[in-house]
Structure formats: C-alpha cells, structure tokens
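As a plain string of letters, each chain reads:
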Amino acid sequence: MKISVIIATYNRPDALDVVLQSLEYQTDNDFEIIIADDGSDDETRSLIERHIKNTKNLIKHVWHEDLGFRLSKIRNLAMQSATGSYLIFLDGDCAVQPDFIESHRRLSEKRFIVTGSRILLEKEITEKICSDRSFNFSEFKKNSFEYLIKKQINKFLPLFIKLPDHPLRKYKKFQWRRIKGCNLGCWKSDAIDINGFDEALVGWGHEDADFVFRMYQNGINRKSGAWGTEVLHLWHKMANKENADKNAAIVRAKILAKGNS
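Residue positions are given per chain, counted from 1 along the sequence in the order it is written. Under the rules for a predicted model, residues below a pLDDT of 70 receive no local features and side-chain atom pairs below 80 are neither given nor counted, while totals for whole chains, interfaces and linings still include all residues. Each side-chain value is derived from all of the structure's non-hydrogen atoms; neither hydrogens nor water enter the calculation.

Peer 1: It is not clear to me how the sheet that holds strand 7 (residues 118–120) should be interpreted in this structure. Could you clarify?
Peer 2: Whether parallel or antiparallel, the strands of a sheet pair through hydrogen bonds between backbone atoms. Only strands joined by at least two bridges in the DSSP assignment are considered to pair. Secondary structure elements follow DSSP: runs of H or I of four or more residues count as helices, runs of E of two or more count as strands, with numbering from the N terminus. Taken together, the three strands give an open sheet; going across it, the order is 5-10-7, and neighbouring strands pair in mixed fashion. Among the strands making up the open sheet, the edge pair consists of strand 5 (94–96) and strand 7. Neighbouring strand axes in the sheet, compared pairwise and without regard to direction, differ in orientation by 30° on average. Taken together, the three bridges between strand 7 and strand 10 (residues 231–233) define a ladder with parallel strand orientation. Looking across to strand 10, one finds that L120 is bridged to H233. Note on geometry: axes are C-alpha line fits, over the in-contact stretch for helices, and angles between N-to-C directions span 0 to 180 degrees.

See the structure below:
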C-alpha cells in the first residue's frame, strides 16, 4: 500500500526543516509527503521548495490563506491531494525515527485507526537541533539517557524498545486519553467516509479527539501505536487555547448524544 504523510505546519520553518530531514532516512520509502500549510509566509514556502528540489521524497505543498487557526480545513485539503490509500498525520514540529513509516505500516489494519505517542523535548535541546538545522537520529539516540538525566526529554526507552503488534493494543471502547493528532494513522477511505476533520472546530484543540470519536461511531476501532511509532516533539511556546473549551464542549456533546441514542 502507498502511504501519504500529511504534515501540518504554520510559520515554523526551522522545525519543519528538521522533520523533513528525519523523513529522508526511512527504512520504508514507499510514501509521499503532503505539507498541510495553514497560511505560512514565504520563508516556509522557500524551505519547502528547497526540499522539493533536493530530496528523493515526493513532496507536495498544500497552502491556504492565513485566516486564523484552521487545522481541520487544511488537513482536509491535503487529504484531497493524497494518492496513498493509508494516511499518517504528523505535525511539523515532530521529527520521526528511521523506522517510523515501517512501524505505522506494520500496525496498520483494516477497520482500525492507530494513535501514536511522542517523546517531549525541552527548550534547550530543541533550540540546539533547530539552530543547527541538522537532525542526526543516531546521535540523538546515543545521547538520550544523558538528555533524560538533564531533563531535556521526558522518556527514552521507546527509542530502544519496540513492541510488536498485539491484540492488547486494541481499545475496547472510545477513550479520549492519549489521542495525538501529531501522530495518527488511518485508511484514507475511512477518513473520507466521515468527511475528514470537522471544520467547525477552529482554533487550537480537540479536532483530533473528535476525528477519532467519529471514526469510532462509524465502526473504526482504535489501536495504540505506543512503543512503536514515537515521534520527537520539539518544544514550542504554549498555543493560544482560547477555543479549546468551546471545541471540547462540541466533542463532548457528540459523545453524549451518541450515549443517549
């Protein structure tokens, strides 16, 4: 199966550069990259054009005007450009391990959506990686225990221990916890069946939980990608969360309506 990696970004070219570099060295190369750009300026466009010119990976740039935080809409637009039958949603500040595509492919299963997890990087190590504009995973992995001791990352064992696919990865019912839109895999046909992400959810927050819940309503169960697909989430300032409560209320209303139906 062909995989389409959809990377959401907005005016963070230094981080996006690192993410695209990390996708250069995958053990599984049968994938395309679609950058879902929520209105970034010319610096991001120039970076993407440089990667398109110099990389062996197929990269497409899908952009719309900056009218505020419209992550759901730009992901849906990017999805329309995807030629892969399987989609991996990734954020533009999440570098990946060399077996990231391979691991998602291994965990993919019909009628399932895979929710991955992340390793959080603190400000100091993030600034070093981004200022160098160079990402060497082997070096990062070699120094990961030191980074943990210095509290520059929150965990390191998933870099060394990879658990196989197993029935215990499968959730028995919908759970909001540990849903991360920055690392999520699903079949394109399943996403289309629910009309993608809910574009009524604007501003930061909970469009990923809503997506997984509507998948669940449509008979698509959830599988954990933890200890297999961890991404390295670069530090950033806290997002503006003024819409988070409103978005959460919309999602909870959908869940409650389903429970009462």
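Alright, that's what it looks like, and here's the rest.
Peer 1: Hey, could you run me through a negative patch on the surface in this one?
Peer 2: Nonpolar side chains (Val, Leu, Ile, Met, Phe, Trp, Tyr) are joined into patches within 5 Å and like charges within 9 Å, using only residues with over 30% relative accessible area and no salt bridge. Under the convention used here, a 1.4 Å probe and the Shrake-Rupley method define accessible areas, while residue burial counts only the protein chains that appear. The rule for a salt bridge is simple: a side-chain nitrogen of Lys or Arg has to be within 4 Å of a carboxyl oxygen of Asp or Glu. His is not counted, nor are the chain ends, whereas Lys and Arg count as positive and Asp and Glu as negative. For the purpose of locating charges, the reference atoms are NZ of Lys, CZ of Arg, CG of Asp and CD of Glu. A cluster of acidic side chains, namely D41, D42, E43 and E49, defines a negative patch on the protein surface. Topologically, E43 is positioned in helix 2 (residues 42–54).

Peer 1: Sorry, what's going on with a nonpolar patch on the surface here?
Peer 2: There is a patch of nonpolar side chains on the surface, built from L157, F160, I161, L163 and W227 and spanning about 430 Å² of accessible area. Within the secondary structure, W227 sits in the loop between strand 9 (221–224) and strand 10. Burial here depends on accessible area, computed with a 1.4 Å probe over protein chains only, as a share of the maximum for the residue type. Under 20% is buried, over 50% is exposed, and the range in between is partly exposed. Judged by its relative accessible area of 31%, W227 falls in the partly exposed class.

Peer 1: Sorry if this is basic, but what is going on with the sheet that holds strand 3 (residues 58–63) here?
Peer 2: Sheet architecture is open: seven strands sit in the order 3-2-1-4-8-6-9, paired in mixed fashion. Both edges of this open sheet fall to strand 3 and strand 9, since each of them pairs with a single strand only. Between one strand axis and the next, the sheet turns by 20° as a mean value, whatever way the strands run. Relative to strand 4 (residues 86–91), strand 1 (residues 3–9) is paired through six bridges, and the arrangement is parallel. Residue pairing across strands places I6 opposite F89, the latter belonging to strand 4. Every residue pair with non-hydrogen atoms within 4.5 Å of one another is taken to be in contact. In the packing of helix 3 (residues 71–81) onto the sheet, the strands contacted are strand 1, strand 2 (31–37), strand 3 and strand 4, and the crossing angle to strand 2 comes to about 145°. With respect to the sheet, helix 4 (residues 100–107) is in contact with strand 1, strand 2, strand 4, strand 6 (112–115), strand 8 (183–187) and strand 9, its orientation differing from that of strand 4 by roughly 135°.

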